[in-house]
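Structural description and commentary
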Amino acid sequence: MKKFVNDPQDYVPQMLEGLALANPDTLKYVPEHNLIMRADTPQENKVSIVQGSGSGHEPAHVMSVGRGMLDAACPGDVFAAPPADSVYETVKLVASPKGVLLLVNNYTGDRMAFEMAEELSEADGLNVRTLFIDDDVAVQDSTFTVGRRGVAGNFFVMKAVGAAAERGADLDEVQRIGEKVNSVARSMGMALTACTPPAKGSPLFDLPDDAIEMGVGIHGEPGRKREKLQSADTMVSELVSAVVDDLPYSSGDHVALMVNGLGGTPIGELYLVYGRAHKQLDERGIEIDRSYVGEYCTSLDMAGASITLVRLDDEISELLDAPAEIPIHVF
């Protein structure tokens, strides 16, 4: 393994420290609770938005903290849910009079940590809600989840609820918007290679050179099937069909299309994927109003990509267009 790593146990804290040092005017690192938060949080006139999960998916979620998106992110170790105590302490630090909304990607460990933190926070008299994100169409259930997994579609939820909170919407309204966006977001990804966690030092799973994992999870969980490497057009068409048919999306729908890199795919290849996906949607009569190409929710250094569609209406489009200031300028 060749990586910029000291002690693997220090990988996440040292990453968070570097992130805060690079953004001293806008971000604050709280090492005792392993969290990144906005320097100006909490604010009395807005709902605070918190998300967290295992690390290794950057820029999700620690690099999505800033005006118009998250108020705080409390990551766990690589591919591990954060401790419930850390989530609880995060809620206490960012709690505002308008309440706190917790965003949770739908994995068993994350659900347990955030639900326990919500109970502890409510016992303290804090106004807290939880919203589960489950946009992955690849599997209905897996060893790592209770229902569908939350993947790159979480960026659209973060953006929409962050914009609503910034405008002063109350907790009921912010939660409604998040649930609405989640209900019209669908994603599926595929892996060309496995990833290498720092603590393991070797690939997480075995994937032969002539094979791909279709529907892979962002922690390397098995997908729909393992199949032979094919042309880019064939693989992208399989992803698009799986996503479009699930909602289903129909001719005349207006959508946002995201091609998300999983960490080890060159940007040129992502645009190649985007081109094929765009043409496939055109052929189905689906109108692409917004396009996103880059790394949003990764799996360390895994080569691969995912496709996300979000069905748009005037409300969602306006929220996606609202300004945001985060360390990576993805929106």
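Look above for the structure.
A short tour of the structure in this document, coming up.

The step from Thr41 to Pro42 runs through a cis peptide bond, and the omega angle for that step is 5°. Here Pro42 shows up in the loop between β2 (35-38) and β3 (48-51). Following Leu247, the chain continues into Pro248 via a peptide bond in cis, with omega recorded as -10°. Examined against the element boundaries, Pro248 turns out to sit in the loop between α6 (232-246) and β10 (254-261). One non-glycine residue, Phe79, adopts positive backbone phi at about 60°. Residue placement: Phe79 occurs in the loop between β4 (72-73) and α2 (84-94). Look at Leu300: it is not a glycine, yet its phi comes out positive at around 55°. As for its position among the elements, Leu300 is in the loop between β11 (287-294) and β12 (304-311). With a relative accessible area of 15%, Leu300 lands in the buried category.

What counts, and where the lines are drawn
Residues numbered from 1 in each chain as written. Predicted model: local features only at pLDDT ≥ 70, side-chain atom pairs only at ≥ 80, totals over all residues. Heavy atoms only, no water. Helix = DSSP H or I, 4+ residues; strand = E, 2+ residues; numbered from the N terminus. Buried < 20%, exposed > 50% of the residue type's maximum accessible area, 1.4 Å probe, protein only.

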